[in-house]
Amino acid sequence: MIRKRTALLLGILSILLFVRGDVVLAVDFPQTIDVLKALYNDEMSGYITYRKFAGKAASENYHQIAYLFASLAASEFIHAGNFKKHLTELGVEVNGAEKQDVAVSDTKKNLKYAVENELNDIDRKYPALIEKINSEGLEPVIRNLTYSWQSEKQHRDIIVKIQSGTGMFFWALSKKIEGTPVQFFVCDKCGSTLNELPHDTCPICRGDASKYKLVEKTD
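Computed from a predicted model, the values in this text were never measured in an experiment. (Residues numbered from 1 in each chain as written. Predicted model: local features only at pLDDT ≥ 70, side-chain atom pairs only at ≥ 80, totals over all residues. Heavy atoms only, no water.)

Engineer: I'd like a description of the pattern of salt bridges, backed by residues and values.
Structural biologist: What the rule picks out here adds up to 4 salt bridges. The salt bridge involving Asp 42 is made with Lys 125; its shortest N-O contact spans 3.5 Å. Of the two residues, Asp 42 sits in helix H2 (residues 30-59) while Lys 125 sits in helix H4 (residues 107-134), which places them 83 residues apart along the sequence. Here Asp 42 falls in the partly exposed class, since its relative accessible area comes to 32%. Residue Glu 60 pairs with Lys 56 through a salt bridge whose shortest N-O separation is 3.9 Å. The class of Glu 60 is partly exposed, set by a relative accessible area of 26%. Through salt bridges that share partners, Asp 42, Asp 121 and Lys 125 make up one connected network. (Salt bridge = Lys/Arg side-chain N within 4 Å of Asp/Glu carboxyl O. Helix = DSSP H or I, 4+ residues; strand = E, 2+ residues; numbered from the N terminus. Buried < 20%, exposed > 50% of the residue type's maximum accessible area, 1.4 Å probe, protein only.)

Engineer: Hey, could you go over the sheet that holds strand S4 (residues 193-194) for me, with residue numbers and the actual values?
Structural biologist: Pairing within the open sheet is antiparallel, and its 3 strands lie in the order S4-S3-S5. Only two strands of the sheet have a single neighbouring strand rather than two, namely S4 and strand S5 (212-214). Looking at chain direction, strand S3 (residues 185-187) and S4 are connected through 2 bridges and run antiparallel. The partner of Phe 185 across the bridge, within S4, is Leu 194. (Pairing = 2+ DSSP bridges.)

Engineer: How would you sum up unusual backbone geometry? Please name residues and give values.
Structural biologist: With a phi angle near 65 degrees, Asn 61 is a residue other than glycine that sits in the positive phi range. Considering the arrangement of structural elements, one finds Asn 61 in the loop between H2 and helix H3 (63-89). A relative accessible area of 53% means that Asn 61 is categorised as exposed.

Engineer: If you had to explain the packing of aromatic side chains to someone new, which residues and values would you point to?
Structural biologist: What the rule picks out here adds up to 6 aromatic pairs. The interplanar angle of 70 degrees and the centroid separation of 6.3 Å between the aromatic rings of Tyr 50 and Phe 53 together place this pair among those described as edge-to-face. Here Tyr 50 and its partner Phe 53 are both found in helix H2, 3 residues apart, which amounts to about one turn of the helix. Each member of the pair, Tyr 50 as well as Phe 53, carries the same accessibility label: buried. A centroid spacing of 5.9 Å and a plane angle of 20 degrees characterise the contact between Tyr 50 and Phe 69, whose relative ring orientation is stacked. One end of the pair, Tyr 50, is in helix H2; the other, Phe 69, is in helix H3, and 19 residues separate them in sequence. (Phe/Tyr/Trp six-rings, centres within 6.5 Å; stacked < 30°, edge-to-face > 60°.)

Engineer: Could you give an account of a positive patch on the surface, with specific residues and numbers?
Structural biologist: There is a patch of like positive charges on the surface, built from Arg 143, Lys 189, Lys 211 and Lys 213. Within the secondary structure, Arg 143 sits in helix H5 (residues 139-159). (Patch = residues over 30% accessible without salt bridge, like charges linked within 9 Å, V, L, I, M, F, W, Y side chains within 5 Å. Areas by Shrake-Rupley, 256 points an atom, 1.4 Å probe, with all protein chains shown as cover. Lys, Arg positive; Asp, Glu negative; His and termini not counted. Charge placed at Lys NZ, Arg CZ, Asp CG, Glu CD.)

Engineer: So what's going on with the side chain of Ser 148? Which residues, and what values?
Structural biologist: By secondary structure assignment, the location of Ser 148 is in helix H5. Using a relative accessible area of 1% as the deciding quantity, one classes Ser 148 as buried. Ser 148 has contacts with His 79, Phe 83 and Tyr 126, leaving out every residue within four places of it along the chain. (Contact = heavy atoms within 4.5 Å.)

Engineer: Any details on H4? Residues and values, ideally.
Structural biologist: Under the 1.5 Å per step criterion, the end-to-end length of H4 is 38 Å for 28 residues, consistent within 8% with the ideal 40 Å. At Asp 121, H4 shows its strongest bend, of approximately 45 degrees. Capping the start of H4, Asp 106 holds a side-chain oxygen 3.2 Å from the backbone nitrogen of Lys 108, two or three residues further along. (Expected span 1.5 Å × (residues − 1). Bend = angle between axes of the 7 residues up to and from the residue. Polar contact = N/O pair within 3.5 Å; in protein donor to acceptor, adjacent residues only side chain to side chain.)

Engineer: Which residues make up the nonpolar core, and what values go with them?
Structural biologist: With 22 residues, the main nonpolar core has Tyr 50, Leu 68, Phe 69 and Ile 159 as its most contacted residues. Elements with a contribution of two residues or more to this core: H2, H3, H4 and H5. Of all the elements, H3 adds the most residues to this core, at 9 residues. With residues up to four places along the chain from it excluded, the contact list for Tyr 50 reads Phe 69, Leu 72, Ala 73, Glu 76, Ala 114, Asn 117 and Glu 118. (Core = buried A, V, L, I, M, F, W, Y, C linked by side-chain atoms within 4.5 Å.)

Written as structure tokens, this is what we have:
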């Protein structure tokens, strides 16, 4: 009887999970793994897209808008890195993101696309994916998805200020943006994106403010 119980316990432990420090390593969490794979690809695609939008804006002499896109790209790259880390901890090999075609238009249309994309992430994608993985209960993953969701809200707040500029008066708004230089800081733990350093801690992950790095301008 004791042997049977021991064997059963070992079987359960081998199927479920084990803990190393404060990192949970899981063997079989299919929903969580599927979501992490999809998000890793999405965030890497976002990183590449925003980098290309930044290049296009710079070529059109919208250097502040190029800097905005570069800052969003930096945040998306951190999100992707966090998701890749979780996949590695779960024993899933990540060879690289799937290549996706990036449609680059003029800066006015690229800004409109960015607004629509961020709103979709905030209102639909992240809430649905967090709900999908809740039942499997991997708290570190759920926490990082929540951080990324909150970071996307910051992106929304930044770019929604120029949403009206994607219409017929874009030239006037872009002139105002170019005449008002700003800086962007990104938390290298959660991807939080701010134009001023927080006093003490990150408003999203509560990490120390020293985690924020200034996004360098390249032009």
